[in-house]
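These are the residues of each chain, in order.
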Amino acid sequence: MSSEKILLLDGNSLAYRAFFALPLLTNEHGIHTNAVYGFTLMLQKIMEEENPTHMLVAFDAGKTTFRHSTFGEYKGGRQKTPPELSEQFPYVRKLIDAYGIKRYELEMFEADDIIGTLCKQAEEKGQQVIVVSGDKDLTQLATENTTVYITRKGITDIEKYTPSHVEEKYGLSPLQIIDMKGLMGDASDNIPGVPGVGEKTAIKLLKEHGSVENLYQALDTVSGAKLKEKLVANEDQAKMSKILATIETNAPIEVSVDDLTYSGPNMEEVTSVWKELSFKTLLEKSEYVTDEQTRTEIKFEVLENVNQSILKDTMVVHLEMYGEQYHTSELLGIALYDGEKSYFIPGSMAFQSKAFCEWLEDENKVKYLVDSKAVQAVSKKNNVSLHGADFDLLLAAYIVNPSISSEDVATMAKEFGYFDVLTDENVYGKGAKKATPELDKLGEHASRKAQAVWKLKPTLEEKLHENEQYSLYKELELPLASILGTMESEGVKVEAKVLKEMGVDLEQKLLTIEKDIYELAGEEFNINSPKQLGVILFEKIGLTPLKKTKTGYSTAADVLEKLESEHEVISHILNYRQLGKLQSTYIEGLMKEIHENDQKIHTRYQQALTSTGRLSSINPNLQNIPVRLEEGRKIRKAFVPSKPDWVMFAADYSQIELRVLAHMCEDEKLVEAFNHDMDIHTKTAMDVFHVEKEDVTSDMRRAAKAVNFGIVYGISDYGLSQNLNITRKEAATFIEQYLNSFPGVKGYMDDIVREAKQKGYVTTILKRRRYLPEITSSNFNLRSFAERTAMNTPIQGSAADIIKKAMIDMAKRLEEEKMQAKMLLQVHDELIFEAPKEEIERLEKIVPEVMESAIKLIVPLKVEYAYGPSWYDTK
DNA sequence: AACTTCACG
DNA sequence: ACGTACGTGAAGTTC
């Protein structure tokens, strides 16, 4: 017997199995990938275990097969292949090609028949044959030389059918499997068999008689009158069923076993398909990708300090910091790369180098960076201003696809097909084991990052151009990074004393409320534990639970508010929660973040995180400082100017999201409302409730306001009903009335969802993109969510575009006017400045002017502003 | 690390 | 029939 081993796979069946075994995964371009992924895992495993010399994947060619001429309803009544699966077949084929595996399909024949035919040919050649499928019918092919692998639950779990295993399982020979199918039929293929005969009876009959034909010859000896009757009545059908179940082993195929030699995968092509489909786990695990040996070696020179001679006109500069908190963390070293040579300067000495600082400041020296905002912030701390930032890897990757959202160079690089860099976690370790590596390793890591930036620049820039996003990236995000870095580094002064006094006061109040609650509850417990609180309220006191969470009773504020009249303790709990939040998050939390040296808080803006284009703020979050309730709003009294005789100045866009909506949908009434600067909620109430302005009650206005919010969020009757505490039906009526009153809005909502389905993504005014793979999902929830996102993202994202542009214009204007005023914070639709009193008059003119003209819409933008001795007073 | 709650736009 | 309003971050509890 030859040492050749042939692997014959049933492509359709395995892809089906994979599809139903795995949840519906998608990559960022909206392609479903679960079937391809599962197929890949099976393929990897089986090839590793079997090491075949020959391979083929067979596919079904079309709907009609030769079996249909025997039985028209063959495979009738089958559910249509879900579109989520059919769209994956091209990728399965592509992957097979990349592996260098032959594939074949033949008109009028099924994959089974191709496999059966090749199976016999291979056996004749003396090859060992392995057939892999998810379909048990294939077990009829098992012989001494052929083993049939059938997938079990999951994807990589297989059952191996040799003739003896078939015997063991059914008490039949492999060929008798066909007879068995003939008698019992097969619901999935719509093979009728003999009605009333199932697996048990079929096996029993075949054990006695051997085959369908023998059975019918000896029908008299069959015991059981009813059974005999059924067999007689369905003789033709049984014989036909057997024919249908028989795999053709003599199909007119045009390939022969000799064509199927397999010489191993082309891993470059395989990984490129993996990249396309975002198979991150496979890419990470792949030796090809992560093995030290396959990673190209890099050279870098360690320098004591920066000398003039290495500083070129164009370079990558990368600051390697310990962790992401660059405001406080240690600068471990600086990597420089000029396209040929890599340098690493350990420690923070580089900023001592006059040559380096001057080079950073020189706008004619072109810099490529990983994160230009971080470099700007750190530079500013060293009294240096970064100029000439020309490429920012983090921002470029984010604009191409905001869902990437990793700050790690290796993770970003991998997305774009570059693998010669390690993850920070790999180099530093994680959790308790996290530590700075030795100099060599650190230098190599930083240098690899620097080189990755250089190599990735053309790839990303090409992608940006292709998507028409280059100017969004280069003229909006990149200059903004520098401004944000400066704002972060500038920081905002916070009076610890003010917070502390509030804290003492709160402490007292909390203790009192705590005592009251314990008394009313009749026992002491942890009020901060929803679980314990739930037991007290809903079991001990016996209130009615109105809502449940995954883990138990919901004790969220909206639930408690509905129970307020039921028991006295509720209002105390709500009060306790409110004050507790202030104490822990805002008093204690913020005090921890005040820097010793300058009494300031330096937040970090995440410029490459949100999927809509907004910024986010962390360590601490300064975008959610209380304002709605007076007690909380007092926190803002601690936010003060950094210099005596300066004031805080805040300006915010009024109704920016609804104005953006008006701009995009061009609804006549909405546009007119803004052109006349009407109160938009009142106007909405007038149109929805068909009343005159004078007759709009406060409740009507409140409802209209909620509807407007709903419109911006991607309206749903349920959401609105929750918000307004009305029934879903009433909410649905509101929405209908709204959309009838503003037909342009309805048109926009319909169009944007249709567009998202067609393109797979939505865009903002400045061509920011968000991919929405789930918009074509057959899962109602996933699809609905994607549809609401499709409606909301262009609105929220365009508003983000506008304020970002305003920030750039504002920074420029302040510089041109040589003003001292500083932009300190951005809170989505507002900008907060500090300025000397003398500049206020000019700011009152400049800020609204600049913000209102940031981006021209078909409706005016409106800015309101206020100033005072603290952030609290800017109302 | 997941869940719940709540602060903001 | 399905069950959710969009986008965030931080704190505290529980597993």
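The model shown is predicted, which means the values in this text are computed figures rather than measured ones.

Some thoughts on the overall build of chain A
Looking only at helices and strands, one finds 36 helices and 23 strands in chain A. Dimensions of chain A, computed from the C-alpha atoms along their principal axes, are close to 110 × 75 × 60 Å. Burial status across chain A gives 53% buried among its 875 residues. Look at the contacts in chain A between residues 6 or more apart in sequence, and 66% of them connect residues 24 or more apart.

Overview of the packing of aromatic side chains
One pass over the structure, following the stated rule, counts 23 aromatic pairs. Taking the centre distance of 5.6 Å and the plane angle of 80° together, the rings of Tyr 337 and Trp 454 count as edge-to-face. Here the residue Tyr 337 occupies a position in strand 9 (residues 331-337), and Trp 454 occupies one in helix 21 (residues 439-466), the gap between them amounting to 117 residues. Note on Phe 709 and Tyr 713: the rings are 6.0 Å apart at their centroids and 55° apart in plane angle, and the pair reads as tilted. Here Tyr 713 and Phe 709 lie together in helix 31 (residues 698-713), a separation of four residues that amounts to about one turn. One cation-aromatic arrangement involves Arg 604 over Tyr 326; the distance from NZ or CZ to the ring centre is 5.5 Å. Just above the ring of Tyr 872 sits the side chain of Lys 637; from NZ or CZ to the centre is 4.5 Å.

Topic: the protein's contact with DNA strand C
Residues in contact with DNA strand C amount to 40 residues; listed here are only the nearest, Ser 529, Ser 616, Asn 619, Phe 785 and Arg 788. Expressed as a percentage, the sugar and phosphate content of the atoms of DNA strand C within 4 Å of the protein is 59%. Within the backbone of Gly 710, a nitrogen or oxygen atom sits 3.5 Å from a base nitrogen of DNA strand C. In this structure, a sugar or linking oxygen belonging to DNA strand C sits 3.0 Å away from a side-chain N or O atom of Gln 796.

With respect to the pairing of strand 5 (residues 146-151)
Among the six residues of strand 5, six are classified as buried, and the element is accordingly described as predominantly covered. Burial of strand 5 is two-sided: the residues Thr 146, Val 148 and Ile 150 facing one way and the residues Thr 147, Tyr 149 and Thr 151 facing the other way are all buried. Examined bridge by bridge, strand 4 (residues 128-133) and strand 5 share five bridges and lie parallel to one another. Across the sheet, residue Ile 130 finds its bridge partner in strand 5, namely Thr 147. Looking at chain direction, strand 5 and strand 6 (residues 158-161) are connected through four bridges and run antiparallel. Bridge pairing links Ile 150 to Glu 159 in strand 6.

A short note on the side chain of Lys 449
Residue position: Lys 449 is located in helix 21. A relative accessible area of 4% means that Lys 449 is categorised as buried. Within the structure, Lys 449 has its side chain in polar contact with the side chain of Glu 320 (distance 3.0 Å). The residues touching Lys 449, leaving out its near neighbours within four places in the chain, are His 318, Glu 320, Val 409, Val 421 and Asp 424.

Topic: the protein's contact with DNA strand B
Close to DNA strand B lie 23 residues; Thr 555, Lys 581, Val 627, Arg 628 and Asp 829 are nearest. Near the protein, meaning within 4 Å, the atoms of DNA strand B are sugar or phosphate in a fraction of 73%, with bases accounting for the rest. In the model, a base oxygen of DNA strand B is placed 2.7 Å from a nitrogen or oxygen of the Lys 581 side chain. In this structure, a base nitrogen belonging to DNA strand B sits 3.5 Å away from a side-chain N or O atom of Gln 796. Broken down by element, the residue count for the surface near DNA strand B peaks at four residues, all from helix 26 (residues 569-593).

Some remarks on the packing of helix 35 (residues 780-816) against helix 36 (residues 840-852)
A pair of packed helices can be characterised by two numbers: the angle between their axes and the separation between those axes. Between helix 35 and helix 36, the shortest axis-to-axis distance is 9 Å and the interhelical angle comes to 145°. Remark: the crossing between helix 35 and helix 36 carries right-handed chirality. Where helix 35 abuts helix 36, its residues Ala 806, Asp 809, Met 810, Arg 813 and Leu 814 lie against Leu 843, Ile 846, Val 847, Glu 849, Val 850 and Met 851. Residue composition of the contact of helix 35 with helix 36, grouped by class: eight nonpolar, no polar and three charged.

Comments concerning the UniProt feature "domain: DNA-directed DNA polymerase family A palm" (unreviewed entry) in chain A
UniProt records the feature "domain: DNA-directed DNA polymerase family A palm" (unreviewed entry) for residues 632-839 in the present numbering. Measuring from the first to the last C-alpha atom of residues 632-839 gives 30 Å, for a span that is 59% helix and 13% strand.

Observations regarding the sheet that holds strand 1 (residues 5-10)
Picture the strands of a sheet paired through backbone hydrogen bonds; they go either parallel or antiparallel. Strands sit in the order 3-2-1-4-5-6 across an open sheet of six strands; the sheet is mixed. Edge strands, defined here as strands with exactly one partner in the open sheet, are strand 3 (102-108) and strand 6. Across the sheet, the mean angle from the axis of one strand to that of its neighbour is 25°, orientation sign disregarded. Across five bridges, the pairing between strand 1 and strand 2 (residues 54-65) is parallel. Within strand 2, the residue paired with Leu 7 across the bridge is Met 55.

Things to note about the environment of Glu 730
Looking at the element boundaries, Glu 730 is found in helix 33 (residues 728-741). Each C-alpha atom, one on Glu 730 and one on Ile 158, is 54 Å from the other, the two residues being 572 residues apart in sequence.

Describing helix 17 (residues 372-381)
Of all 10 residues that make up helix 17, eight are buried, and the element is covered over most of its length. Every buried residue belonging to helix 17 is among Ser 372, Lys 373, Ala 374, Val 375, Gln 376, Ala 377, Val 378 and Ser 379, and all of these are buried. Elements in contact with the buried residues of helix 17: strand 8 (314-321), helix 16 (354-361), strand 11 (366-369), strand 12 (389-392), helix 22 (470-490) and strand 15 (604-606). Trailing helix 17 by a residue or two, Asn 383 shows a phi angle of about 60°, which is positive.

Focus on the pattern of salt bridges
By the definition in use, this model includes 54 salt bridges. A salt bridge links Glu 630 to Lys 634, with the nearest nitrogen and oxygen atoms 3.1 Å apart. Ionic pairing is found between Lys 683 and Asp 687, a salt bridge with its closest N-O pair at 3.2 Å. Of the two residues, Lys 683 and Asp 687 both sit in helix 30 (residues 680-689), four residues apart, roughly one turn of that helix. Across the pair, exposure class does not vary: Lys 683 and Asp 687 are buried alike.

Comments concerning the sheet that holds strand 21 (residues 822-826)
Taken in spatial order, the four strands line up as 21-22-18-23 in an open sheet, and their pairing is antiparallel. Every interior strand has two partners, whereas the edge strands, strand 21 and strand 23 (863-868), have only one. Each strand of the sheet is rotated relative to its neighbour by a mean of 25°, with strand direction disregarded. Looking at chain direction, strand 21 and strand 22 (residues 830-836) are connected through four bridges and run antiparallel. Paired with Lys 822 across the strands is Glu 834, a residue of strand 22.

Conventions and cut-offs
Residues numbered from 1 in each chain as written. Chains lettered and ligands numbered in written order. Predicted model: local features only at pLDDT ≥ 70, side-chain atom pairs only at ≥ 80, totals over all residues. Heavy atoms only, no water. Helix = DSSP H or I, 4+ residues; strand = E, 2+ residues; numbered from the N terminus. Buried < 20%, exposed > 50% of the residue type's maximum accessible area, 1.4 Å probe, protein only. Contact = heavy atoms within 4.5 Å. Phe/Tyr/Trp six-rings, centres within 6.5 Å; stacked < 30°, edge-to-face > 60°. Lys NZ or Arg CZ within 6 Å of the ring centre and 35° of its normal. Near = heavy atom within 4 Å. Polar contact = N/O pair within 3.5 Å; in protein donor to acceptor, adjacent residues only side chain to side chain. Pairing = 2+ DSSP bridges. Axes fitted to C-alpha atoms, helices over the stretch in contact; angles between N-to-C directions. Left-handed = near helix turned anticlockwise from the far one by under 90°. Nonpolar A, V, L, I, M, F, W, Y, C, P; charged D, E, K, R; others polar. UniProt positions renumbered as here; feature names shortened; annotations may be inferred. Salt bridge = Lys/Arg side-chain N within 4 Å of Asp/Glu carboxyl O.

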